[in-house]
Amino acid sequence: MEIKTYDGKAAEWKGDSIAVILQQEEKCEHLGKLSGIIKEIQSRKDFTGKKGSFIKVPIMDGAVKNLYLIGAGKDEGKSLPTTVRSTIAELMRKIKADNCKDLLVYIPAAASVKDKKRFFSAVGEGIELGVYSFDKYKTVKEDEENKSKLEKVSVAGADDEFLSKGIIYACSQNYSRNLANEPGNMIYPQTLAEHAKELADRLGLECEIWEEKRIIKEKMCCLYAVGAGSEKKPRFIHLVYRPVGIKKAKKIALVGKGLTFDSGGLDIKPSDFLRTMKGDKSGACNVLGAMQGIAKLKPKVEVHGIIGAAENMPGGASFRPDDILTARNGKTIEIDNTDAEGRLVLADALCYASELKPDVIIDMATLTGACAVALGPNRAGLFSNDDDLASEILSAAEACGENLWRLPAEDEKISESMKSPVADMVNCGSRYGGAIFAAIFLQEFIGEIKKGKKIPWAHLDIAGVDFFKENTSIYSKGASAFGTRTCLEFIINRFSI
């Protein structure tokens, strides 16, 4: 699908349909005859611009076949791009089944927007995110029966550069969604590594894959133990983007939890909780999606994408409660529960990331149900050891319309409960404060950027927002890839293109 700007007068546009996004009680001018139709509809109170409202008006004469009116509510200022992004995504889903090949999007409020770049980037994101669906395994596609696919979307008054940024963001998120939506029989550690290699080859990234023997040799005993019970042995994945022509570039490490399926291991999950566990690789998929965006946006920073990939299954070689594992940095961990495996995989991955001496480490993981209980199904948890970093990530998330809430990454009592009588620590504690326990655990594997000061680190616990049962705002049913665009926005903001 082609997405581009339209520089002409909206009233003179010729195509299948025009979509007009209006705020509550906002008037629409400059559309000729269509403005009169909209005014009449508004006078009858059939459409008021209330957020979420939608009406389709067939046009019986003229070049345009259909007029769509979509309400954006009363949001203004900084929140307008977020509202427009989600409104356009909803629009694209609503018209997907219509016989519409060529659409013009007209947003009267755009004329008064000061930050055009952010606004039209959000428009590009909304269009691309809204048309997404995962129907790869359906033998009959939803829009194949007597329906035409949307081929071109034009945006009145936009800038192609601004739209392009949003499209890259959204395509990166959709790449991650595609991988996360794949079932465990299709994506397992080996095939996830193959996708990483294909991505690297296609976009000119460096790529290194470690198989199980190398993983053991490199003292990643935690990663190996988590995947030992499966026929599909673990993999360690390292992608690198290096900016051209920049000596001694700053360095960022993105680390993803890649549990391609999590049964819980010997502490097996109840059957209801096994469903959607294909999504336990979402953090890793987000890293790959972000690396795709980085390769296209080309920021002035060196970016490392690091993934520990494993399948946690019960079997004769599975790790057990009471086992003691040694992480890459030499710290020992007593296993309390084999279903607290993601933090073990991340432990080795974070050790490796720390050895690269990056300026920032960000990890993404569907880590704890406790975070979902605390924040609900629409907001992810942010933990950090650096206030400035946390503030920057929160700002990036706000710009992307992704809801994050900062939770504490330190607690004396919870830290005390992590102590083991037979090892340096246990991998799991009380159900109370479980997300904080996990974050404190992860900090044990963050290295120092200089003596006495740890590398600035942020942890995104996306367990409550990685999968949606119904279409919600910019998120289609299924995997959300929550956090992909936030990481891209953070990197682009800190290191200008």
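Residues numbered from 1 in each chain as written. Predicted model: local features only at pLDDT ≥ 70, side-chain atom pairs only at ≥ 80, totals over all residues. Heavy atoms only, no water.

1. Thoughts on the pattern of salt bridges
Piece 1. Taken as a whole and judged by the stated rule, the model has 31 salt bridges.
Piece 2. One salt bridge connects glutamate 182 with lysine 136, and the closest N-O pair in it is separated by 2.6 Å. Here the residue glutamate 182 occupies a position in the loop between helix 4 (160–181) and helix 5 (189–203), and lysine 136 occupies one in the loop between helix 3 (116–130) and strand 6 (152–156), the gap between them amounting to 46 residues.
Piece 3. Three or more residues joined by partner-sharing salt bridges are found here, namely Glu208, Arg214, Glu218, Arg328 and Glu355. (Salt bridge = Lys/Arg side-chain N within 4 Å of Asp/Glu carboxyl O. Helix = DSSP H or I, 4+ residues; strand = E, 2+ residues; numbered from the N terminus.)

2. Quick word on the sheet that holds strand 5 (residues 102–106)
The strands making up a sheet associate through hydrogen bonds between their backbones, and the pairing can be parallel or antiparallel.
Piece 1. The six strands are arranged 1-6-5-2-4-3 in an open sheet whose pairing can be described as mixed. Every interior strand has two partners, whereas the edge strands, strand 1 (2–6) and strand 3 (54–58), have only one. Averaged over all pairs of adjacent strands, the angle between their axes in this sheet comes to 20°, without regard to strand direction.
Piece 2. Summarising the sheet, strand 2 (residues 17–22) and strand 5 pair through four bridges and their orientation is parallel. (Pairing = 2+ DSSP bridges. Axes fitted to C-alpha atoms, helices over the stretch in contact; angles between N-to-C directions.)

3. Comments concerning the environment of isoleucine 209
Piece 1. Along the chain, isoleucine 209 falls in strand 7 (residues 206–210).
Piece 2. By relative accessible area, isoleucine 209 is classed as partly exposed at 30%.
Piece 3. Put simply, isoleucine 209 and tyrosine 137 are 72 residues apart on the chain and 28 Å apart in space, counted from C-alpha to C-alpha.
Piece 4. Setting aside chain neighbours within four positions, we find isoleucine 209 in contact with Ala193, Arg235, Phe236 and Ile237. (Buried < 20%, exposed > 50% of the residue type's maximum accessible area, 1.4 Å probe, protein only. Contact = heavy atoms within 4.5 Å.)

4. A closer look at the packing of aromatic side chains
Piece 1. Following the criterion strictly, the structure yields nine aromatic pairs and no others.
Piece 2. With 5.1 Å between their ring centres and 90° between their planes, phenylalanine 119 and phenylalanine 120 make a pair best called edge-to-face.
Piece 3. Owing to a relative accessible area of 1%, phenylalanine 119 belongs among the buried residues under this scheme.
Piece 4. When the ring of phenylalanine 134 is compared with that of tyrosine 137, the centres are 6.1 Å apart and the planes differ by 65°; the resulting orientation is edge-to-face.
Piece 5. An aromatic cluster is built from Trp210, Phe236 and Tyr352, whose rings are joined through pairwise contacts.
Piece 6. The positively charged end of arginine 431 is found above the aromatic ring belonging to tyrosine 432, 5.6 Å away from the centroid. (Phe/Tyr/Trp six-rings, centres within 6.5 Å; stacked < 30°, edge-to-face > 60°. Lys NZ or Arg CZ within 6 Å of the ring centre and 35° of its normal.)

5. Notes on the state of the cysteines
Piece 1. A complete count under the given rule lists zero disulfides for this structure.
Piece 2. Left unpaired, cysteine 222 is separated from the closest cysteine sulfur, that of cysteine 221, by 7.0 Å. (Disulfide = S-S within 2.5 Å.)

6. Observations regarding helix 12 (residues 387–400)
Piece 1. If you check helix 12, its first and last C-alpha atoms are 20 Å apart, about what 14 residues at 1.5 Å a residue would give, namely 20 Å.
Piece 2. Along helix 12, the residues classified as buried are Leu389, Ala390, Ile393, Ala396, Ala397, Ala399 and Cys400.
Piece 3. The N-terminus of helix 12 is capped by aspartate 386, whose side-chain oxygen sits 3.1 Å from the backbone nitrogen of aspartate 388.
Piece 4. Just past helix 12, the residue glycine 401 takes up positive phi, approximately 70°. (Expected span 1.5 Å × (residues − 1). Polar contact = N/O pair within 3.5 Å; in protein donor to acceptor, adjacent residues only side chain to side chain.)

7. Regarding the side chain of serine 318
Piece 1. The topology assignment puts serine 318 in the loop between strand 10 (302–312) and strand 11 (324–326).
Piece 2. Assessed through its relative accessible area of 5%, serine 318 is described here as buried.
Piece 3. Here methionine 313 takes part through its backbone oxygen, which lies 2.7 Å from a polar atom of the side chain of serine 318.
Piece 4. In this structure the side chain of serine 318 is engaged in a polar contact, spanning 2.7 Å, whose partner is the backbone nitrogen of glycine 315.
Piece 5. Not counting residues up to four positions away in its chain, the partners in contact with serine 318 are Gly229, Leu266 and Met313.

8. Focus on the environment of cysteine 285
Piece 1. Looking at the element boundaries, cysteine 285 is found in helix 9 (residues 282–297).
Piece 2. Judged by relative accessible area, which is 0%, cysteine 285 ranks as buried.
Piece 3. Each C-alpha atom of the pair cysteine 285 and alanine 481 lies 7.5 Å from the other, and the pair is 196 residues apart in sequence.
Piece 4. Discounting residues that sit within four places of it in the chain, cysteine 285 has contacts with Ser176, Leu179 and Ala180.

9. Topic: the sheet that holds strand 10
Piece 1. Strand order in the open sheet made by the eight strands is 7-8-10-9-13-19-14-15, with mixed pairing throughout. A single partner strand is all that each edge strand has here, and the edge strands are strand 7 and strand 15 (404–406). Mean inter-strand twist for the sheet, computed between neighbouring axes without regard to direction, equals 20°.
Piece 2. Of the pairings in the sheet, the one linking strand 13 (residues 360–365) to strand 19 (residues 457–461) comprises five bridges and is parallel in character.

10. Regarding the pairing of strand 19
Regular strands show a simple pattern: their side chains alternate between the two faces of the sheet.
Piece 1. Among the five residues of strand 19, five are classified as buried, and the element is accordingly described as predominantly covered.
Piece 2. On strand 19, burial covers both faces: Trp457, His459 and Asp461 on one face and Ala458 and Leu460 on the other are all buried.

11. Topic: a negative patch on the surface
Piece 1. Residues Asp7, Asp159, Asp160 and Glu161 make up a contiguous surface patch of negative charge.
Piece 2. When you line up the elements, aspartate 7 lands in the loop between strand 1 and strand 2.
Piece 3. What makes aspartate 7 exposed here is its relative accessible area of 68%. (Patch = residues over 30% accessible without salt bridge, like charges linked within 9 Å, V, L, I, M, F, W, Y side chains within 5 Å. Areas by Shrake-Rupley, 256 points an atom, 1.4 Å probe, with all protein chains shown as cover. Lys, Arg positive; Asp, Glu negative; His and termini not counted. Charge placed at Lys NZ, Arg CZ, Asp CG, Glu CD.)

12. Describing the packing of helix 12 against helix 15 (residues 484–494)
Piece 1. Contact geometry for helix 12 and helix 15: axes closest at 8 Å, N-to-C directions at 120°. Crossing of helix 12 over helix 15 shows right-handed handedness. For the pair helix 12 and helix 15, the contacting residues are Leu389, Glu392, Ile393, Ala396, Ala397, Ala399 and Cys400 in the first and Arg485, Thr486, Glu489, Phe490 and Arg494 in the second.
Piece 2. Here the contact of helix 12 with helix 15 is built from residues that sort into seven nonpolar, one polar and four charged. (Left-handed = near helix turned anticlockwise from the far one by under 90°. Nonpolar A, V, L, I, M, F, W, Y, C, P; charged D, E, K, R; others polar.)

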